[in-house]
Amino acid sequence: MSDLFRRVRGFFVPGEKDAFLRIQELAGLGEESLELVVKILSSSGNGTGNGSHNGLHDIEICTERINILEKMGDKITQSFEEMLGRGSITASIEYDFGRLADNVDSILDRAHGLSRQLRRVTRRPLREAKEFDAANRKEMIHLIEIGLTQLRAFRKLLAVAGTNRNEAIELARQIEQLEELYGSWEKLDYASFHNYLETTIEADDILDLCEDASDLVIAVMKALGA
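Because the structure is predicted, anything quoted here is derived from the model rather than measured. (Residues numbered from 1 in each chain as written. Predicted model: local features only at pLDDT ≥ 70, side-chain atom pairs only at ≥ 80, totals over all residues. Heavy atoms only, no water.)

(A) Geometry of the overall build of the protein. Counting its secondary structure elements, the protein contains seven helices and zero strands. The contacts in the protein between residues at least 6 apart in sequence include a share of 83% that link residues at least 24 apart. For the protein, the exposed surface amounts to about 11,400 Å²; the carbon and sulfur share of it is 50%. (Helix = DSSP H or I, 4+ residues; strand = E, 2+ residues; numbered from the N terminus. Contact = heavy atoms within 4.5 Å. Areas by Shrake-Rupley, 256 points an atom, 1.4 Å probe, with all protein chains shown as cover.)

(B) Structural view of a negative patch on the surface. Residues Glu-176, Glu-180, Asp-212 and Asp-215 make up a contiguous surface patch of negative charge. At the level of secondary structure, the elements contributing two or more residues to the negative patch comprise helix 6 (165–181) and helix 7 (194–224). With respect to the helices and strands, Glu-180 occurs in helix 6. The exposed category is assigned to Glu-180, whose relative accessible area is 54%. (Patch = residues over 30% accessible without salt bridge, like charges linked within 9 Å, V, L, I, M, F, W, Y side chains within 5 Å. Salt bridge = Lys/Arg side-chain N within 4 Å of Asp/Glu carboxyl O. Lys, Arg positive; Asp, Glu negative; His and termini not counted. Charge placed at Lys NZ, Arg CZ, Asp CG, Glu CD. Buried < 20%, exposed > 50% of the residue type's maximum accessible area, 1.4 Å probe, protein only.)

(C) Just the nonpolar core, in detail. Grouped together as the largest cluster of nonpolar side chains are 61 residues, with contacts concentrated most on Phe-97, Leu-100, Ile-144, Phe-154, Leu-157 and Val-217. Here Phe-154 is in contact with Ile-23, Ala-27, Leu-100, Val-104, Ile-175, Ala-213, Ser-214 and Val-217, once residues within four sequence places are set aside. (Core = buried A, V, L, I, M, F, W, Y, C linked by side-chain atoms within 4.5 Å.)

(D) Molecular detail of the packing of aromatic side chains. Scanning the entire structure with this criterion turns up two aromatic pairs. Relative to Phe-97, the ring of Phe-20 has its centre 5.2 Å away and its plane inclined at 85°; by these criteria the two rings are edge-to-face. Of the two residues, Phe-20 sits in helix 2 (residues 14–44) while Phe-97 sits in helix 4 (residues 91–123), which places them 77 residues apart along the sequence. Here Phe-20 and Phe-97 have matching classes, each one buried. When the centroid spacing of 6.4 Å and the interplanar angle of 50° are considered together, the rings of Phe-80 and Phe-97 count as tilted. (Phe/Tyr/Trp six-rings, centres within 6.5 Å; stacked < 30°, edge-to-face > 60°.)

(E) Region of interest: the confidence of the model for the protein. Here the protein shows a mean pLDDT of 78. Residues at 70 or above account for 73%. Across residues 1–9, confidence stays below pLDDT 50; counting only partners more than four residues off in sequence or on other chains, it has 12 contacts. (pLDDT = per-residue confidence, 0-100.)

(F) Seen up close, the side chain of Thr-63. Looking at where Thr-63 falls in the secondary structure, it is placed in helix 3 (residues 53–85). Once residues within four sequence positions are removed from consideration, Thr-63 is found in contact with Ile-40, Ser-115, Arg-116 and Arg-119.

(G) Main features of the environment of Glu-25. Tracing the backbone shows Glu-25 in helix 2. With a relative accessible area of 45%, Glu-25 lands in the partly exposed category.

(H) View of the pattern of salt bridges. As enumerated under the stated definition, the model contains nine salt bridges in all. Between Glu-35 and Arg-152 there is a salt bridge, with its nearest N and O atoms 2.9 Å apart. A residue pair is termed long-range when its members are at least 10 positions apart, and Glu-35 in helix 2 and Arg-152 in helix 5 (residues 130–160) qualify at 117 residues. The exposure class assigned to Glu-35 is partly exposed, which follows from its relative accessible area of 35%.

(I) Structural detail: the environment of Val-160. Position of Val-160 among the secondary structure elements: in helix 5. Taking the C-alpha atoms as reference points, Val-160 and Leu-171, separated by 11 residues in sequence, lie 9.6 Å from one another. Those residues within four positions of Val-160 in sequence are excluded, and the remaining contacts are Glu-167, Ala-168 and Leu-171.

Next comes the structure, spelled out in structure tokens:
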């Protein structure tokens, strides 16, 4: 009974607490990556298509930083997997924790792939795509900003997961609602401007990953009796 009471009050088991801290760190890297993607999209729409050296230089810097963040995320994920291998987490929730880390790491991977794709598009823009490009970038900025809001809510969810069940469930609900806000990319013409559509679909995946990660946190909480 005393062990159950401790679990309801918070994650006092060292392995579980450490796992959530590492995932919080991973989510923080994801948040910075998405902020940089928004910056890339904003820079791309401000003259870089006409060969603006400064704009392209800014995009190169942002892309390189995202590359570094993605590698940092891989190291955290690797250390997380090693921790699982040592049996630091209760066996019944080990699988969910592994999926949780993988989902959050995938957000970094998507941001990395998205930044590289946007850099390629900026270097070699389609002349006939100017109007589409401007509209699509605006949509993608909106999409990534939804993802950022989700990820910030997810970090709050991680912070309260072991101490406030009602707030955690409410945050998970908000994350799910945010994912449902956006679906307009499905209306785009798949036969046109493949590079642009690919980046939009990649960005949409980020929202799905955020929602899936929040669902896994709730599943872990329930398994722990929180």
